[in-house]
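Summary of structural features
Chain by chain, the residues:
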Amino acid sequence: MQSYSISQGEELFQFHKRAFRFLPIALVLIAVLALSTLRSPSTHASGSGYWHTNGNQILDSNNRPVRIAGINWFGMETASYAPHGLWSRDYKDMLNQIKAQGYNTLRLPFSNQLFDAGSTPNGLDFSGGKNADLVGLNGLGIMDRIVAYATQIGLRIILDRHRPDSGAQSALWYTSAYSEQRWISDWQMLAQRYANNPTVVGADLHNEPHDPACWGCGNTALDWRLAAQRAGNAILSVNQNWLIFVEGVNCYNGECYWWGGNLAGVAAHPVQLNIANRLVYSVHDYPSTVYPQWWFNDSTYPRNLPGIWDKYWGYVHKNNIAPVWVGEFGTLLQSTLDREWLNALTNYLGTGATGINWTFWTWNPNSGDTGGILNNDWLTINTDKQSYLAGGVDATGTSHASIMFALDSGGPIIPTATPPPPTVAPTTTPVPPTVTVQRTVAPTATPIHPTITPIPCTNCGVKVQYLNGNTPATTNQIQPILQIVNTGNSIIPLNQLTLRYWFTLDGMQTQTYYCDYAYVGCTNVTARLNALSFSSKTTTADHFLELGFSANAGNLTPGMSTGQIQNRFNKNDWSLYNQANDFSYTPSQGQFVDWNKITLYLNGKLVWGVEPLAINLPPSLQFNLFLPLLLNR
């Protein structure tokens, strides 16, 4: 036992007296710190296990707040049947880079056609060991590999049914080729397949429902809310751990917004699932360069934007109805209006765990109206865009706060059982680089081809706009993205129009054409690759791609465009083109521009552009000029 003198005891008493005096304060401080740790808008959480919801918050298996802060990586929904960019990089390298930029979740679009026999992945580079474990896999097998590697590095995945088929998205969740039952059965297959792996957070049921889709109208063929309930409950019947992400429509009670972006009907007609705490509402939002919606012209812009968002979707979060996830938003950042929009939106989303969930559109640089976080080299980061998301100074010198949210479990995610083995298709010869795809969102505007009887064309003002989807001069695919704009005052039937893209073959090989996406539907686009006669050839054009339209494509009304038509063609032996000597080629197009080196014809008459000037030489000189081509045949 320790003995003390009287003076020592007095000092000890005074010390304890002082200590007890401050003890309540210390306890309060400790309590405050503990509460702040639990409740403050932190920038990270464990993110462990399966996720669920409570009010407007997503929670992990330990009931800690989680915020989705992610990125889209598209391609599996297209005729590539694989994420884009794998024609030049390894998929693990891509996922590592996504993780390194601070994103915690990947939204992975796919189409139902991905799972059809014959949907063979293409555009993958296997040289130098790249993508070695993807050789011979079908689309579902590639999805398995992506999920497996995301599990290793602690990256979450939301599966997005982006389209029924690889050609175009649909207004409704079903088409004549892909029924509602097929839509649901594919979702149940995926839910069962990844049921034991919390890497896959859940299902984004259908991308951008829009007219004639309705919300709360009660028509089972059109009511998207009821369809979402049917699909969501079917998924939860085989996998009760998934979150169900339900996008909005475009129009509700006569007021319209972006496709998939209008949640105004939730207040009166909420989605009701059989398992509680699994529902997340989702929206998409875009700037004026995607489409000039009326609110961009308001005199109070951009101060009016928070009120617009509150009205159409933000109230769901603010009123604690359910979590909201902005599944797509993106921009080329080529205008002040777009910068103001992105700055306002990221501020509106907020920071930390209490902020609104999001996934940026897109990782890919080949989204025509938004570009991507990757630059066109498919390797380096667009630091200007990234500064709005991860924090930092943008290209104009403006500082931004980070809206990222890190998960403490940055390492492997532990599945509860061994995932199913990947489905393997017969080994096929890898196909070199593939499609450039535009984001398939579209505005809630007047339809491109309403049912109207055309009137005689008295003022047929039309023009062609061009975006180059594959800019390198030397390439094995040419990828012009085109649209036609009606600048006149007459309605023009699309089947009366044809356009031509002029190029040099640089050889004598046969070629193949693909339509990867058309707003009017690829089935309504006709195409032929045609060689010019000797007397018509020039040094910049000996072939042309000619596009036309079927009668089902409808009409082009004044002031409207066809929407984009995404084209690509290649030589059947995959040898290289030299685009530098092509008449219609221009190397750097980041957005649509009027382009008069692509010609447009109305009933065979040239109405836009200039044709390449033919070389008028005597037959003997023509023969000598093209003799090398004959010898190389």
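Residues numbered from 1 in each chain as written. Predicted model: local features only at pLDDT ≥ 70, side-chain atom pairs only at ≥ 80, totals over all residues. Heavy atoms only, no water.

Some points on the packing of aromatic side chains
The full count for this structure, using the stated rule, is 32 aromatic pairs. Taking 5.6 Å as the distance between ring centres and 50 degrees as the angle between the ring planes, the aromatic pair formed by Phe110 and Phe115 counts as tilted. Considering the side-chain rings of Phe503 and Phe569, the 4.8 Å spacing of their centres and the 40 degrees angle between planes classify their relative orientation as tilted. You can see Phe503 sitting in strand β22 (residues 497–503) and its partner Phe569 sitting in strand β27 (residues 565–571), a full 66 residues away along the chain. (Phe/Tyr/Trp six-rings, centres within 6.5 Å; stacked < 30°, edge-to-face > 60°. Helix = DSSP H or I, 4+ residues; strand = E, 2+ residues; numbered from the N terminus.)

Examining the confidence of the model for the protein
Regions with low pLDDT should not have their predicted coordinates read in detail. For the protein, per-residue confidence averages 84 on the pLDDT scale, and residues scoring 70 or more make up 82% of the total. This model gives residues 1–41 a pLDDT under 50, and the stretch forms 8 contacts once residues within four places in sequence are excluded. In the predicted structure, residues 616–633 sits below a pLDDT of 50 and forms 13 contacts with residues beyond four places in sequence or in another chain. (pLDDT = per-residue confidence, 0-100. Contact = heavy atoms within 4.5 Å.)

Description of the pattern of salt bridges
What the rule picks out here adds up to 19 salt bridges. A salt bridge links Glu328 to Arg107; its shortest N-O distance comes to 2.8 Å. With Glu328 in strand β13 (residues 324–328) and Arg107 in strand β6 (residues 105–111), this pair connects stretches of sequence that are 221 residues apart. Assessed through its relative accessible area of 0%, Arg107 is described here as buried. Salt bridges linked by common partners bring Arg107, Asp160, Asp204, Glu247 and Glu328 together as one network. (Salt bridge = Lys/Arg side-chain N within 4 Å of Asp/Glu carboxyl O. Buried < 20%, exposed > 50% of the residue type's maximum accessible area, 1.4 Å probe, protein only.)

So, the sheet that holds strand β4 (residues 65–66)
Taken in spatial order, the 3 strands of this open sheet run β2-β3-β4, and their pairing is antiparallel. The open sheet is flanked by β2 (52–54) and β4, the only strands paired with a single partner. Pairing of β2 with strand β3 (residues 57–59) involves 3 bridges; the strand directions are antiparallel. Paired with His52 across the strands is Leu59, a residue of β3. (Pairing = 2+ DSSP bridges.)

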